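Each chain, letter by letter, is given below.
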Amino acid sequence: MRGLFRFPNPVNEISARLVAAGALTMALIVIVLDRLGYRDVWWLSVVLAYGFVARVLSGPTLSPLGQLVTRVITPALNRPAKLVPGPPKRFAQGIGAVVSTTAAVLALVFHQYTAAVILLGVLAVAATLEAAFAFCVGCTIFQGLMRIGVIPQAVCEECNNIWARQRVGQTA
């Protein structure tokens, strides 16, 4: 049971980008259908929020999307893993959990659909950046918080090495 609630470290960036593409797809489905007047679609925001919460708690273990990506899609691509530190990715999943859960509550409890759509739009932008360009907004925030001392350096020692290599133009 103890291993169930463990986030992987390191994380395969290919899988992270594919999960972001899945989250983006779900967010866009909700946004587009809501704007077309289909309010019944907001149940999908609960699925989206559950996925983020599950990934914060256990990485891909409790996430259906995470399982699909890590067990089926990533292996089928047959590409070498590109490993990146886990703690910033977990932080990013936490931001996604807060944003998607807030959107679901705004829509389903308070019927504030426009506000919920705006939040899912922000999430969609971040997911697009991750999926298409390997730019993780949450990871960048994590890096900034480490730099100013809000997150202790010990939380992610390997982050310093990877981010230093990226600054000088090397790949991780």
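Preceding this paragraph is the structure being described.
Bear in mind the structure is a predicted one, so any value in this text is a computation, not a measurement. (Residues numbered from 1 in each chain as written. Predicted model: local features only at pLDDT ≥ 70, side-chain atom pairs only at ≥ 80, totals over all residues. Heavy atoms only, no water.)

J.: How would you explain the state of the cysteines if you had to name every residue and give the values?
T.: One pass over the full model with this rule turns up two disulfides. Between the sulfur atoms of Cys-136 and its disulfide mate Cys-139 the distance is 2.5 Å. Looking down the S-S bond of the Cys-136 and Cys-139 bridge, the torsion is 70°, so its handedness is right-handed. Among the residues examined, Cys-139 registers a relative accessible area of 10% and is labelled buried. Between Cys-156 and Cys-159 runs a disulfide, and the two sulfur atoms are separated by 1.7 Å. (Disulfide = S-S within 2.5 Å. Buried < 20%, exposed > 50% of the residue type's maximum accessible area, 1.4 Å probe, protein only.)

J.: Tell me about the packing of helix H1 (residues 13-35) against helix H2 (residues 43-58), residues and numbers included.
T.: Here H1 crosses H2 at 155°, and the two axes come no closer than 9 Å. When the interaxial angle is binned, H1 and H2 end up roughly antiparallel. In this structure, H1 meets H2 at a crossing whose hand is left-handed. Residues Val-19, Ala-23, Met-26, Ala-27, Ile-29 and Val-30 of H1 form the contact with H2, whose participating residues are Leu-44, Ser-45, Val-47, Leu-48, Phe-52 and Arg-55. In terms of residue class, the contact of H1 with H2 is made up of ten nonpolar, one polar and one charged. (Axes fitted to C-alpha atoms, helices over the stretch in contact; angles between N-to-C directions. Helix = DSSP H or I, 4+ residues; strand = E, 2+ residues; numbered from the N terminus. Parallel < 35°, antiparallel > 145°, perpendicular 65-115°, else oblique. Left-handed = near helix turned anticlockwise from the far one by under 90°. Contact = heavy atoms within 4.5 Å. Nonpolar A, V, L, I, M, F, W, Y, C, P; charged D, E, K, R; others polar.)

J.: Kindly report on the nonpolar core, identifying the contributing residues and their values.
T.: Grouped together as the largest cluster of nonpolar side chains are 25 residues, with contacts concentrated most on Val-30, Trp-42, Leu-48, Phe-52, Leu-120 and Leu-123. Counting only elements with at least two residues in this core, the list comes to H1, H2, helix H3 (64-77), helix H4 (86-108) and helix H5 (113-133). Here Leu-123 is in contact with Ala-27, Leu-48, Phe-52, Gly-96, Val-99 and Ser-100, once residues within four sequence places are set aside. (Core = buried A, V, L, I, M, F, W, Y, C linked by side-chain atoms within 4.5 Å.)

J.: Tell me what's going on with the layout of surface pockets, and back it up with residues and numbers.
T.: If you roll a probe as big as a water molecule over the atoms, it shows you where there is empty space left. Estimated volume of the largest pocket: approximately 580 Å³. Residue assignment for the lining of the largest pocket shows that the elements contributing at least two residues are strand S1 (11-12), H1, H2, H3, H4, H5 and helix H6 (137-147). It is H4 that provides the largest number of residues to the lining of the largest pocket, a total of six residues. Partitioning the lining of the largest pocket into residue classes produces 20 nonpolar, eight polar and three charged. (1 Å grid on protein atoms, 1.4 Å probe; cavity = no way out; pocket = protein on both sides within 12 Å on 5 of 7 lines; lining within 4 Å. Points joined across faces, edges and corners; volume = space filled by probe spheres on them.)

J.: Which residues make up a nonpolar patch on the surface, and what values do they have?
T.: A contiguous nonpolar surface patch, about 430 Å² in accessible area, is contributed by Val-46, Val-105, Leu-108, Val-109 and Phe-110. Inspection of the secondary structure puts Phe-110 in the loop between H4 and H5. (Patch = residues over 30% accessible without salt bridge, like charges linked within 9 Å, V, L, I, M, F, W, Y side chains within 5 Å. Areas by Shrake-Rupley, 256 points an atom, 1.4 Å probe, with all protein chains shown as cover. Salt bridge = Lys/Arg side-chain N within 4 Å of Asp/Glu carboxyl O.)

J.: Explain unusual backbone geometry residue by residue, including any values.
T.: The linkage connecting Asn-9 with the following residue, Pro-10, adopts the cis geometry, with an omega of 5°. For Pro-10, the position within the fold is in the segment before S1. The phi dihedral of Asn-78 falls on the positive side, at around 55°, and the residue is not glycine. Relative to the elements of secondary structure, Asn-78 occurs in the loop between H3 and strand S2 (83-84). By relative accessible area, which is 70% here, Asn-78 ends up exposed. Phi is positive for Ala-134, close to 55°, though the residue is something other than glycine. Relative to the helices and strands, Ala-134 resides in the loop between H5 and H6.

J.: Account for the pattern of salt bridges, naming residues and giving values.
T.: This structure, assessed with the given rule, holds four salt bridges. Its salt-bridge partner being Arg-39, residue Asp-34 comes within 2.5 Å of it at the nearest N-O pair. Asp-34 gets classed as buried once you look at its relative accessible area, which sits at 2%. The class for Arg-39 is partly exposed, based on a relative accessible area of 37%. In this structure, Lys-89 and Glu-130 form a salt bridge, with 3.0 Å as the shortest nitrogen-oxygen distance. Pair noted here: Lys-89 is in helix H4 and Glu-130 is in helix H5, with a separation of 41 residues, a long-range link. Note on Lys-89: relative accessible area 9%, which makes it buried. Glu-130 gets classed as buried once you look at its relative accessible area, which sits at 7%.

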